[in-house]
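Next come the chains, spelled out residue by residue.
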Amino acid sequence: MADLGRAALVVSLGLTLYAFIGGTIGALQKRRRLSDSARNALVAAFGSTLVAAAVLAIALVHHDFSFVYVYSHTSKGLGTIYALSAFWGGQEGSLLLWLLVLSGYGALAAVLNRRLLRDLIDWVVPVIAGIASFFALILVAVASPFQTQVRALDGLGLTPSLQNPYMVAHPPMLYLGYVGLTVPFAFAAAAMLSGHTDERWIVATRRWTLAAWMFLGFGQLLGAHWAYVEVGWGGYYAWDPVENAALMPWLAATAFLHSVMVQERKGMLKVWNMILVALAFELAVFGDFLTRSGVIQSIHSFAQSSIGAWFLGFVVATTLFSVALILWRLPLLRARTKLESALSREATFLYNNLFLVALCLTVLWGVLFPVLSDLFLGQSRTMSRPYYDFFLRIFGLPLLLLMGIGPLIAWRRASVRSLLKTLRWPIGVSIVAGIGLIALGAGSSRPGLIAYTFSAFVLTTIVVELVRGTRATGSLFQLIGRNRRRYGGYVVHFAIVMLAIGIAGSSAYATVKEQKLLPGQSMTVAGHTVTYTRLERGRSGTANELRAVLTLSGREHGTLKSGVNNYFTGDTSKEVGIHTDWLRLEDTYVIFDQQEGKGVFFKVLVKPLVNMIWLAGFVFLGGSLVALWPDAREQRRLVARLALARG
Amino acid sequence: MTALIVGALIAVAAVVLVSLPFLRSSGDDVGSSTELQDRRLMLIDERDRTIAALKELEFDHRTGKIDDTDYRALVGPLRRAAAEVLQALDAEE
């Protein structure tokens, strides 16, 4: 079986290299057959990678410990689902998943657009194939998942923290996002290589970008929930380098999704869009480098390995390629129109872009600082939470406000008079909300109060937009149907508001208390009384389990269990107890900190509105799906446009 | 043995798929776009943008984002631009 996996990967490498070299020659010399053959090679590479992936999946499910990878990441006691999730639990498997998704995306994009965008596809194929060749080479020569050994009786097992349902879905979701950003990058590069820098590459990749962005965003929320229920420190986002690695390309892609609308409407920001699409792609690969290189300490990263240098080289090479392309095609990318007014929709998109990119670069600086300080100062200094929180407020709060102003301001130019008239409802509601919140005691946190007030502003904006639009068209469904991207976007804005409310509530207004309790003793936190009743000891197939049983009374009633798992492999994990009040969307979160004699040190956190964050994930998903739903009219326009151009 | 046979079949299938375009009887020339087609594409882009801007302006006016004074100041130049680009497209044909 391992031989078949190895052979399939060698075939994939050969096919991607052929698609890269043959495709480049075909596109340069305009040889139709060679270009078509390169496209078919990319499709075939997906097929052979699928075979390799199937071999690894079968080995994992059957606990075939003659595979070093299966031995290192699973054990006999591991259920089928977790055994399968070990596919992305280790380095070699996750690289194979990357190649599988990349070749699949590439083949699909090439086949779907082969007739309408022939001149672009001829270049898209070699760009994607070049990137896929790199991953195939690593898998064949450096980090093969098909190394074998004398069959062992049992494996080393999967890291305990990965034995969680969220870890079954979170990594593949992120991979679909990371890898998906390759498609718009390849189309952008193809537009520059072919010299056809008109809007077709944007129309063709709009849904690819949206889908990648949706997967990356939803994947991060899944990861945040995993951290919340599994890691056991009471939070959901720690500004860890690997978490930031997913956030950075998402921020760059968010900026791109907005600025691309300006290019479509006004023919402006062509260079900026090329920079953004390249930045999003490079940050996705850089994230992979961070995860694999071991240069930065992270709870999520794989052990230090030799492939970090390969990834660094790849990031440098592709960055140089992108910069050279943009510089070469600068004359073609110059805008023919100018910004007419600083008070216009396109101007708000520009401000939004500046804040998003500033936040993205600030996070990047925070991630790189330990490496750079080690390199230049000889001591590794890390950027801690206050650094990130400060910049999140500085850039995030204006972004929230812009999310409310943008939809209500007209394209081209708006007068202050008409803007104030349009904004009178959102301004009025947010002032009333702010005063009400201060009266309710929310003034204890200024950033929290600002976030809530701005959230009220944005929510009112969305409602005003929907009401006015429905009045103008006569029907809400007709309104959404005529511009799904815009109204799907408003649903996403609603999700971001929910996220902001959840983050502000659970961080700015959280209550934390630590106390040692003996059985029968209680502590009161934010109106909740937590009573420690007894200690339970148990044993599962993989660990000895210690659980403190606690009862909750006061505003909410219930029973909680919080404790520690001591795995037979020597690992330990904290198992937190969470009670959710669905009416207030509030959690009472109990951490079993330390045992001392008959007593236990408990850390109890009451986190208001934290569940708004998880609900926001589903709203985000719904809005993204509305926005990326296929539009037959758009396809017809593309066909008609091409026919007209050909005369 | 089975693995070898399956591996060989994958390789053969890949070779067949990659070779298919060379077995076709149709010509090898992609037929690069002419300067005229490129200019037309540019004009079509411009036409689509202008018409979209006009539609957006009408919608913004109906939903109250733009008052009558601003609307009158913006709609004239946009209509002229649309007419100019349509004329240029007609001239190309």
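The coordinates are above.
Residues numbered from 1 in each chain as written. Chains lettered and ligands numbered in written order. Predicted model: local features only at pLDDT ≥ 70, side-chain atom pairs only at ≥ 80, totals over all residues. Heavy atoms only, no water.

Draft legend 1. Main features of the interface of chain A and chain B. Listed as interface residues are 56 residues of chain A and, on the opposing side, 46 residues of chain B. For the pair chain A and chain B, the two sides together bury roughly 4400 Å², of which 56% comes from carbon and sulfur. Linking chain A with chain B are six salt bridges. Note that Glu-199 of chain A is salt-bridged to Arg-49 of chain B, the shortest N-O span being 2.4 Å. Counting residues per element, the side of chain A that touches chain B draws most heavily on helix α2 (residues 32-61) of chain A, at eleven residues. Per-class residue counts for the side of chain A that touches chain B are 20 nonpolar, twelve polar and 24 charged. (Contact = heavy atoms within 4.5 Å. Buried area = accessible area lost by both parts, 1.4 Å probe. Salt bridge = Lys/Arg side-chain N within 4 Å of Asp/Glu carboxyl O. Helix = DSSP H or I, 4+ residues; strand = E, 2+ residues; numbered from the N terminus. Nonpolar A, V, L, I, M, F, W, Y, C, P; charged D, E, K, R; others polar.)

Draft legend 2. Molecular detail of the pattern of salt bridges. Per the counting criterion, the structure on display carries 29 salt bridges over all chains. Among the salt bridges present, the one from Glu-340 of chain A reaches Arg-413 of chain A, with a minimum N-O distance of 3.5 Å. Here the residue Glu-340 of chain A occupies a position in the loop between α13 (330-333) and α14 (345-377), and Arg-413 of chain A occupies one in the loop between α15 (385-405) and α16 (416-439), the gap between them amounting to 73 residues. Arg-413 of chain A gets classed as partly exposed once you look at its relative accessible area, which sits at 35%. Ionic pairing is found between Lys-65 of chain B and Asp-60 of chain B, a salt bridge with its closest N-O pair at 3.6 Å. Look at Lys-65 of chain B and you get buried, because its relative accessible area is 1%. Through salt bridges with shared partners, one network takes in Lys-266, Glu-340, Glu-346, Arg-412 and Arg-413 of chain A. (Buried < 20%, exposed > 50% of the residue type's maximum accessible area, 1.4 Å probe, protein only.)

Draft legend 3. Summary view of α14 of chain A. All names here are of chain A. The end-to-end C-alpha separation of α14 is 45 Å, in line with the 48 Å expected for 33 residues at 1.5 Å each. The largest bend in α14 is about 45 degrees, located at Leu-368, with the proline Pro-370 one to four residues further on. Directly beyond the C-terminal end of α14, a positive phi value near 80 degrees is found at Gly-378. (Expected span 1.5 Å × (residues − 1). Bend = angle between axes of the 7 residues up to and from the residue.)

Draft legend 4. Expanded view of unusual backbone geometry. Residue and element names in this part refer to chain A. Non-glycine residue His-63 carries a positive phi angle of around 50 degrees. Within the element layout of this structure, His-63 appears in the loop between α2 and α3 (68-73). Phi angles above zero are rare outside glycine, and Leu-609 is one such case at about 60 degrees. Assignment of secondary structure puts Leu-609 in the loop between β9 (599-607) and α20 (611-628).

Draft legend 5. Examining the sheet that holds strand β2 (residues 522-525) of chain A more closely. Residue and element names in this part refer to chain A. One open sheet accounts for five strands, arranged β2-β3-β4-β5-β6; its pairing is antiparallel. Two strands in the sheet have a free side with no partner beyond their single neighbour: β2 and β6 (572-575). Pairwise comparison of adjacent strand axes, ignoring direction, gives a mean angle of 25 degrees for this sheet. When strand β4 (residues 543-554) meets strand β5 (residues 558-567), the two strands line up antiparallel, connected through ten bridges. Across the sheet, the residue bridging to Arg-547 is Gly-563, located in β5. (Pairing = 2+ DSSP bridges. Axes fitted to C-alpha atoms, helices over the stretch in contact; angles between N-to-C directions.)

Draft legend 6. Focus on the environment of Ser-506 of chain A. Residue and element names in this part refer to chain A. Structurally, Ser-506 is set in helix α19 (residues 484-508). Owing to a relative accessible area of 2%, Ser-506 belongs among the buried residues under this scheme. With 30 residues separating them in the primary sequence, Ser-506 and Leu-476 have C-alpha atoms 34 Å apart. The residues contacting Ser-506, other than those within four sequence positions of it, are Tyr-236, Lys-607, Pro-608, Val-610 and Ile-613.

Draft legend 7. Spatial organisation of the sheet that holds strand β7 (residues 577-581) of chain A. Residue and element names in this part refer to chain A. One open sheet holds the four strands; their spatial order is β1-β9-β8-β7, and the pairing between them is antiparallel. Across the chains shown, the open sheet's two edge strands, defined by having one partner strand only, are β1 (511-517) and β7. For this sheet the average axis-to-axis angle between neighbouring strands, irrespective of direction, equals 15 degrees.

Draft legend 8. Main features of the packing of aromatic side chains. All names here are of chain A. Under the counting rule described, the total for this entry stands at 34 aromatic pairs over all chains. Relative to Trp-250, the ring of Trp-213 lies with its centre 5.6 Å away and its plane at 10 degrees, an arrangement referred to as stacked. Here Trp-213 is found in helix α9 (residues 200-231), whereas its partner Trp-250 is found in helix α10 (residues 241-266), with 37 residues between them in sequence. Overall, the relative accessible area of 13% leaves Trp-250 in the buried class. Chaining the aromatic ring pairs together yields one cluster made of Tyr-237, Trp-239, Phe-355, Tyr-387, Tyr-388, Phe-390, Phe-391 and Phe-395. Here the basic side chain of Arg-329 rests over the ring of Trp-328, its NZ or CZ set 3.8 Å away from the ring centre. (Phe/Tyr/Trp six-rings, centres within 6.5 Å; stacked < 30°, edge-to-face > 60°. Lys NZ or Arg CZ within 6 Å of the ring centre and 35° of its normal.)

Keep in mind these values describe shape, not function.
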